[in-house]
Amino acid sequence: MSDKIAFSLFDGNLTVTWYGIFVTLGILLAYFFYLFLASKRKIDIDFSLELFIWVVVLAIICCRLFYVVPRKEYYPIDSWDALMRFLGLTKEGLAGLTIIGGIFGGAMGILFCVLRYKKYSYAKVADCVVLCVFLGQIIGRWGNFANQELYGQVITNPAFQTWPFAVFIDRDGLWHQALYVYEGFFNLIGLIIGLLLFFRYKKLKNFTISLYYVFWYGLVRGTLEFLKIEHKTFPGTEIGVVQVIAYSACIVAFALMVLNQKGIIRFQSKIYNEAGDSLKLLTEYDGKVVAGVIVGGRSYLEAYAEDALEPFRPAGELTLAERRMRAVVLGKGRAVIKQSAEIAPEEKKTVSEKKKTDKSDKNNTK
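Residues numbered from 1 in each chain as written. Predicted model: local features only at pLDDT ≥ 70, side-chain atom pairs only at ≥ 80, totals over all residues. Heavy atoms only, no water.

This part takes up the environment of Asn144. One can find Asn144 in helix 6 (residues 142-147). As for Asn144 and Phe22, which are separated by 122 residues in sequence, their C-alpha atoms are 9.1 Å apart. Those residues in contact with Asn144 that lie beyond four places of it in its chain are Tyr19, Glu149, Leu150 and Tyr180. (Helix = DSSP H or I, 4+ residues; strand = E, 2+ residues; numbered from the N terminus. Contact = heavy atoms within 4.5 Å.)

Structure representation (structure tokens):
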């Protein structure tokens, strides 16, 4: 595709490129896909909308920084115009992004929203987001086709000088390996495997899918770097910087994925793991004590509340008094009472007075 510009507006003062269209389309479809996955994990749409804004903004910023900082000789900051070019705020736009930077930026966006709302666990939200990143990458990579970039070695065999094996590059008039197609294909496989894990393996612990994404993408990206013509290497060596980062992330992610699934390490607090992302706090209603407390993995008796008097609140915001109460809600209007003699002093007094009242009523009846 020789023409990178899709159309122009305002007498040519504003140009829209095919690269920008593909990237934007990838972001939007990834967001709608996230809403579908989030609904399966009971994540509300208000949280999802703010999450989308922060993840996209921080991802784009980090995508740009990870591209220009290692290439500071091409992006010097010695004047105002140079600074604008460094930031991608010129007519050329964001001509230069690195997806690895976007992963870091997106992770920070998730962390910010989780800490801001304290409503859902980081692990649970991240597992939904990373599957959408797969989809966004698959679509966004077509922007590289429009810009005639992300290609590999020259293909001299005429039998393979055709799409999807190769792409014709105008600047040198040769056929090259279509790395954007290769990466999109392997990411599609990764997405399918991730969806199978998401929907079919109920015993999969939160954050395992996030670690799986890092493992899979690190493996794919590190391997494809062998085929690239130009890639950043460590000074005085032929070792690719991206390859070291990608393979290191792949190995570490795989090890953590196994340890997390076996329960040796935990990326989600015990509160979230055993009681869900939010504890629905109920008060004493009609003589039944039904208030939120941490589950300790012990034996519990079932009890039912007749009414929910308070809305959902994050488990991390429970007060000390609420933590001492004797029930944890498993579902709407349903609670479990712990078989324990641990009752707060004020509760002991209430229970004692209630017993005396019941005994007095029985004597009066007789």
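The discussion continues.
What follows is about the packing of helix 1 (residues 18-40) against helix 2 (residues 45-68). Two elements in contact, helix 1 and helix 2, have axes separated by 11 Å at closest approach and are oriented at 145°. The chirality of how helix 1 crosses helix 2 is right-handed. Across the interface between the two elements, Ile27, Tyr31, Tyr34, Leu35 and Ala38 from helix 1 touch Ile45, Phe47, Ser48, Leu49, Leu51, Phe52 and Val56 from helix 2. Class assignment of the residues belonging to the contact of helix 1 with helix 2 gives a composition of 11 nonpolar, one polar and no charged. (Axes fitted to C-alpha atoms, helices over the stretch in contact; angles between N-to-C directions. Left-handed = near helix turned anticlockwise from the far one by under 90°. Nonpolar A, V, L, I, M, F, W, Y, C, P; charged D, E, K, R; others polar.)

Between its terminal C-alpha atoms helix 4 (residues 99-117) stretches 27 Å, which fits the 27 Å expected from 19 residues at 1.5 Å a residue. Turning to helix 4, its buried residues are Ile100, Gly101, Gly102, Gly105, Gly106, Gly109, Ile110, Cys113 and Val114. Contacts made by the buried residues of helix 4 are with helix 2, helix 5 (122-140), helix 8 (208-224) and helix 9 (241-262). Looking one or two residues beyond helix 4, the residue adopting positive phi is Lys118, at roughly 50°. (Expected span 1.5 Å × (residues − 1). Buried < 20%, exposed > 50% of the residue type's maximum accessible area, 1.4 Å probe, protein only.)

Moving on, we come to the nonpolar core. If you look at the biggest cluster of nonpolar residues, it comprises 51 residues, and the most contacted ones within it are Tyr34, Ile43, Phe47, Leu51, Ile110, Val125 and Leu131. Elements with a minimum of two residues in this core: helix 1, helix 2, helix 4, helix 5, strand 3 (166-169), helix 7 (179-200), helix 8 and helix 9. The greatest single-element share of this core, amounting to 10 residues, is contributed by helix 5. Leave out the neighbours within four places in its chain, and Phe47 touches Tyr34, Cys113, Val114, Tyr117, Tyr120 and Val125. (Core = buried A, V, L, I, M, F, W, Y, C linked by side-chain atoms within 4.5 Å.)

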